[in-house]
Amino acid sequence: MKVTLAIARRELAAYFATPLAYVFIIAFLVAAAAATFAFGGFMDRRQADLTPFFDFHPWLFVILIPAVSMRLWAEERRSGTIELLLTLPVTPWEAVTGKFLAAWAFIGVNLLLTVPIWITVNYLGDPDNGVIVASYIGSFLMAGALLAAASCASALSSNQVIAFVYGITICFLLLATGFDFVLNQVTGWASPTFVDLLASFSFLTHFGNIARGVLDLGAIVFFALLTLLFLFINRQVVEVGSDRTAATIALSLGLFIALNSVSAMLFQGVRIDLSEGGIYTVSPSSRAVLGNVDEPITIRVFLSSAFINEAAEVRIYADRVNELLARYQQYSDGMVQVEWIDPKPFSAEEDDAIGYGLVGFNLSRAGEQGYFGIVATNTVDQIEVMPVLAPTREAYLEYDLTRLVLRLSRPDEPRVGVFDGLGLFGLESLGRRPSATIERLGDDFDLVQLTNDTTIIPDGIDALIIIHPHSLTDSALYAIDQYAIRGGPTLVFLDPLSENSPRDPSNQSRPLDPESYLDRLMASWGAVMVPASVVGDREMALEVRAQAGPQVVISDYPPWLIVQPAHLNPDDVVTAQLSLMRIASGGALRAVDGASTTFTPLIRTTTESMLYDQALIMQQFDPAMLVRTFVSSGARQVLATRLSGGPVSTAFPDGAPPPPAVEAGERAPPAPPPHVARSEGSISVIVVADTDVLTDPLNVTAEGTPTTQNTDFLVNAVDTLVGGGELITLRSRGLSYRPFIRLDSLERAAEERYRATEQELQAELEVIQGQLDELQMATVAADMPLGALTRQQQQAADEYNDRLVDIRKALREVRSALREQINALGSRLQLINILAAPLIIGLIGIGVALWRRARLARYLRGLRVTAG
């Protein structure tokens, strides 16, 4: 090893002994930066990653690596020093390896000097630096394999130019094995096994896998084996000559093919995910779902190729989807099959996309549509559709896909038991339809309505919903308690003032059952709702028209809240993608001190909140009075929360309550299951302190058009609960699409800076235009031709027109100024990355050359002095 390292040090020093190394470095840095900024559209993509930079690496290496390696052995052959080298106490293998390591280290120096581009992307945005690190590793490994091949080319000739041509040819052929064009040509006559074998040798595929941020062991082994193969061939050529090594080379090539094929199977899925948030790693929860799939599921991804070409973020997101679905197919042992379909305009595939209800996006003025959605089916023709795969929901891609697989892997719809104390199921005898929330929930789940005197929760109930439990019997409460303690998913809607509950017959202005608390069970679960208190928030308040005595006033109404993303938990799948909800006279939830459960807020108010007395709100005073008497608490009130963890003790320590009396001739209720005093594991409960959130006035118009996402909240909550631990534990993952934050902030600042000027000019423009219109109307009213204008009128008209032209010109200048700062920044960064680093390297090279010349001059003067 010492000999190998000594040779490597000598060869590496030889590179920098002449200006050749500096020329190579400068050429690579200029080419890499130019390819990234000028040809890769780095600034235009507005994506904080180095994809354009690394995409060009294979093609830069096709030129750079043969140029670096052409002298390794060709110069030795030309000068005749190869025989001298091999007669020294150096084995051919040590010589080959030493020279290779020196050249590889030199290429590594080239890569390290591109760090300014990495700094640039961090300056512009918040890139996934783990992906960039993986890309550098992949680029270095690919460079090593290509260098080993180019070194063989250098050993085949004593002419450096010919060795350079040989090297370019070999490197290009190695890269070409991954071209779709090549594979398509081979597919026409070769067997599928041969095509797959050829594809497994693709440099581009293996490098692409690593460049996504995943250190795939199969790709690493591929580059390592290929490097060893060419180093071995190089050794054979150097030792005995290329004309007598054909059999050995053929044998080693066969061994490489066998080892690569075996490693592709053995190391499939063995990887280290360096991406932030592990976005390419399937979570244990999803693996558990996939491992339980026992019937084939087909996932068809409809993705328009034209759509990918139009939007960079879609192309990046499509790679993420492809990678994740490949893992789903692997972890399901092939039970999940994936098909990619390109629904070209006016094709049968587009008809299928439309028929399944996929969302289309305009691609051209001719009406051509692009699609990116999923249609999944199982063997019983159950269909699940994701109408659009939007990059904005990328953080929940795994949750959405796992939910889809979970729903298709179950033969029956999940059964959800519902205690309805609000009358949401309607009453057919009175012509009352079910609410929009119940109808929507019934589309996805088998709803089982439970009565207030239920004694047990029926078998097969996958989740339980309790709505406004104002009159549940002790037996029903006990049944709910035991269901939740056994780990049954439970969703509870309580309310200090249920404004949409049935009216009191004696007073139609008041609800019959205004409040519901469920205190006994809530205390054991670790939460409580503040009694007789309604949450108000000045910043979230809905603006209403109300009667205040004889006057109609327009005022904010603090108890009626508009819930926006800032008020929703972004890290929980139930609320993360919601943008608009409404809550009416909701309550405040608190965690119980010392509780064993975890209290995770889902919906919260701002700090501009207070608690109103329930009786005050029921009196329906002037909304303006509520605003005048508002006193901020300075605290954020919790309107909905998730309760998890445990263990939890029962709210009925003495066991089941006595069963209700049975009239003669009636069947006795079934006996409850064995009493459970304490949960063995975690409970799964979601509590919402409002029931009006489920009613039609807060969800749909009179025509049934949705006005809020309250129903989406309900469906999301039930979905996570029905999915059990698998879906509940899935949370937001990292994002692969990252914008240029600095450019976005600069644009916003520029817009704010110039918007005032633009508005002033626009206002003046409207005034001038109005004056011209008045002048023209005066002329028409006087029945005068335009040519009959007085001199003063004509002069005024000319001044108006001149000013009109000036204002429009100024508006154009203001709008163009919005882009000047961005363009200037892009130009500066492009200039710095293309010229600054190469210039510094050039100056260092000149400095080293001058230092060496000065040192040589001193040495020669010393010789002359000694000789004199």
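A brief report on the enclosed structure follows. (Residues numbered from 1 in each chain as written. Predicted model: local features only at pLDDT ≥ 70, side-chain atom pairs only at ≥ 80, totals over all residues. Heavy atoms only, no water.)

Here helix α5 (residues 57–79) spans 33 Å end to end across 23 residues, near enough to the 33 Å set by a 1.5 Å rise per residue. Taking the largest bend as the criterion, α5 deviates by roughly 30 degrees, centred on M70. G80, located one to two residues past α5, shows a positive phi value of around 80 degrees. (Helix = DSSP H or I, 4+ residues; strand = E, 2+ residues; numbered from the N terminus. Expected span 1.5 Å × (residues − 1). Bend = angle between axes of the 7 residues up to and from the residue.)

So, about the packing of aromatic side chains. All chains considered together, the criterion is met by 15 aromatic pairs. With centroids separated by 5.4 Å and ring planes inclined at 90 degrees, the aromatic side chains of Y478 and F652 adopt a geometry described as edge-to-face. Here Y478, found in helix α22 (residues 474–485), pairs with F652, found in the loop between β22 (638–645) and β23 (683–688); they are 174 residues apart in sequence, far enough to count as distant. Residue Y478 shares its accessibility class with F652, and that shared class is buried. (Phe/Tyr/Trp six-rings, centres within 6.5 Å; stacked < 30°, edge-to-face > 60°. Buried < 20%, exposed > 50% of the residue type's maximum accessible area, 1.4 Å probe, protein only.)

Scanning the entire structure with this criterion turns up 11 salt bridges. For E11, the salt bridge is made with R71, and the minimal N-O distance between the two is 3.8 Å. Of this pair, E11 sits in helix α1 (residues 2–16) while R71 sits in helix α5, and the two are 60 residues apart along the sequence. The class of E11 is buried, set by a relative accessible area of 3%. (Salt bridge = Lys/Arg side-chain N within 4 Å of Asp/Glu carboxyl O.)

Taken together, the side chains of L839, L843, I846 and L850 define a hydrophobic patch exposed on the protein surface, amounting to about 420 Å² of accessible area. Position of I846 relative to the elements: it lies in helix α29 (residues 791–867). (Patch = residues over 30% accessible without salt bridge, like charges linked within 9 Å, V, L, I, M, F, W, Y side chains within 5 Å. Areas by Shrake-Rupley, 256 points an atom, 1.4 Å probe, with all protein chains shown as cover.)

Below, the discussion takes up the side chain of T575. Mapped onto the fold, T575 is located in the loop between β17 (551–563) and β18 (581–584). Sequence-distant contacts of T575, that is, excluding residues within four places in its chain, are made with L568, N569, L602, I603 and F713. (Contact = heavy atoms within 4.5 Å.)

Within this structure, the stated rule accounts for two cavities of 30 Å³ or more. Considered as a void within the structure, the largest cavity measures approximately 50 Å³ in volume. The wall of the largest cavity is formed by L29, A33, L113, T114, P116, I117, N833, A837 and P838. Per element, the largest residue contribution to the lining of the largest cavity is three residues, and it comes from α29. For the lining of the largest cavity, the per-class residue count stands at seven nonpolar, two polar and no charged. The computed volume of the second largest cavity comes to approximately 30 Å³. (1 Å grid on protein atoms, 1.4 Å probe; cavity = no way out; pocket = protein on both sides within 12 Å on 5 of 7 lines; lining within 4 Å. Points joined across faces, edges and corners; volume = space filled by probe spheres on them. Nonpolar A, V, L, I, M, F, W, Y, C, P; charged D, E, K, R; others polar.)

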